[in-house]
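Residues per chain, in single letters:
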Amino acid sequence: MTKKWYVLHTYSGFEKKVKDNLRHRIEAVGLDDRIFDIKIPTEEVIEIKEGGRRVITDKKVIPGYVLIRMELDDQTWGVVRNTPGVTGFVGAQGRPSPLSRDEYHKIMKRTSSDAPKRTSSNLQVGQSVKVVSGPLAEFDGTIAEVQPEAGKVKVMVSIFGRETPVELSYNQVARL
């Protein structure tokens, strides 16, 4: 048997509980030699709060899912599948499909400490905002585009009676 990573679907928000339940069940049934690791991939995200305050929080990379490294057979499949909070394995026709090495590394790359931090805010396209800093401070505008990877927004600002797109960082705007 080979050790492979599989993806479990769980009730949203119950990932930690599922991980704990799995650990207890694996120990109780004595499957430590065939179920090796359980991960809930998380990444640090910079959230922009009211007033431009930046807060770093941990967010799940794939909410509602847990990764498990195991040797798949009928016994391990049954123990994992019947753990409270687990709704099933990800795979075709009800059978678990292992993650490829590339898929696993792509997910885990986002969890490393040197991975670029994503920026999150509650800003949305079409929302009215006021520019709070920079040369256009005190101008009002409407968000035309949100770029979460860069932590920027494109705002349509009326300058001399003409709509002009301006790229600003999250902390340069405030919701109206």
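Look a little higher up for the structure.
Now for a look at the structure at hand. In this text the structure is predicted, and so the values were computed from the model without any measurement. (Residues numbered from 1 in each chain as written. Predicted model: local features only at pLDDT ≥ 70, side-chain atom pairs only at ≥ 80, totals over all residues. Heavy atoms only, no water.)

We now examine unusual backbone geometry. Look at E138: it is not a glycine, yet its phi comes out positive at around 80 degrees. With respect to the helices and strands, the residue E138 is situated in the loop between β8 (128-131) and β9 (140-147). The exposure class assigned to E138 is exposed, which follows from its relative accessible area of 56%. One non-glycine residue, F160, adopts positive backbone phi at about 55 degrees. Structurally, the position occupied by F160 is in the loop between β10 (152-159) and β11 (162-169). (Helix = DSSP H or I, 4+ residues; strand = E, 2+ residues; numbered from the N terminus. Buried < 20%, exposed > 50% of the residue type's maximum accessible area, 1.4 Å probe, protein only.)

This part is about the sheet that holds strand β5 (residues 65-70). Ordered by their spatial adjacency, 4 strands build an open sheet running β2-β5-β1-β6, and the pairing between neighbours is antiparallel. Only two strands of the sheet have a single partner each, and these edge strands are β2 (35-39) and β6 (86-89). Direction aside, neighbouring strands of the sheet carry axes that sit 30 degrees apart on average. Here strand β1 (residues 4-10) runs beside β6; their pairing, made up of 3 bridges, is antiparallel. When the bridges of β6 are listed, T10 appears paired with V86. Across the face of the sheet, helix α1 (residues 15-29) comes into contact with β1, β2, β5 and β6 while running at roughly 165 degrees to β2. With respect to the sheet, helix α3 (residues 101-109) is in contact with β1, β2 and β5, its orientation differing from that of β5 by roughly 130 degrees. (Pairing = 2+ DSSP bridges. Axes fitted to C-alpha atoms, helices over the stretch in contact; angles between N-to-C directions. Contact = heavy atoms within 4.5 Å.)

Spanning 15 residues, α1 covers 21 Å between terminal C-alpha atoms, matching the ideal 21 Å at 1.5 Å per step. Those residues of α1 that sit buried are E15, V18, N21, L22 and I26. Along the long axis of α1, the arc covered by the buried residues comes to 130 degrees, so they all point the same way. Of the residues in α1, the exposed ones pointing more than 90 degrees away from the buried face are K16, K17, H24, E27 and A28. Summarising the contacts, the buried residues of α1 are in contact with β1, β2, β4 (54-60), β5, α2 (74-81) and β6. Of the residues flanking the end of α1, it is G30, one or two places downstream, whose phi is positive at about 80 degrees. (Expected span 1.5 Å × (residues − 1). Arc of directions from axis to C-beta.)

Function-wise, these values are silent; they only describe arrangement.
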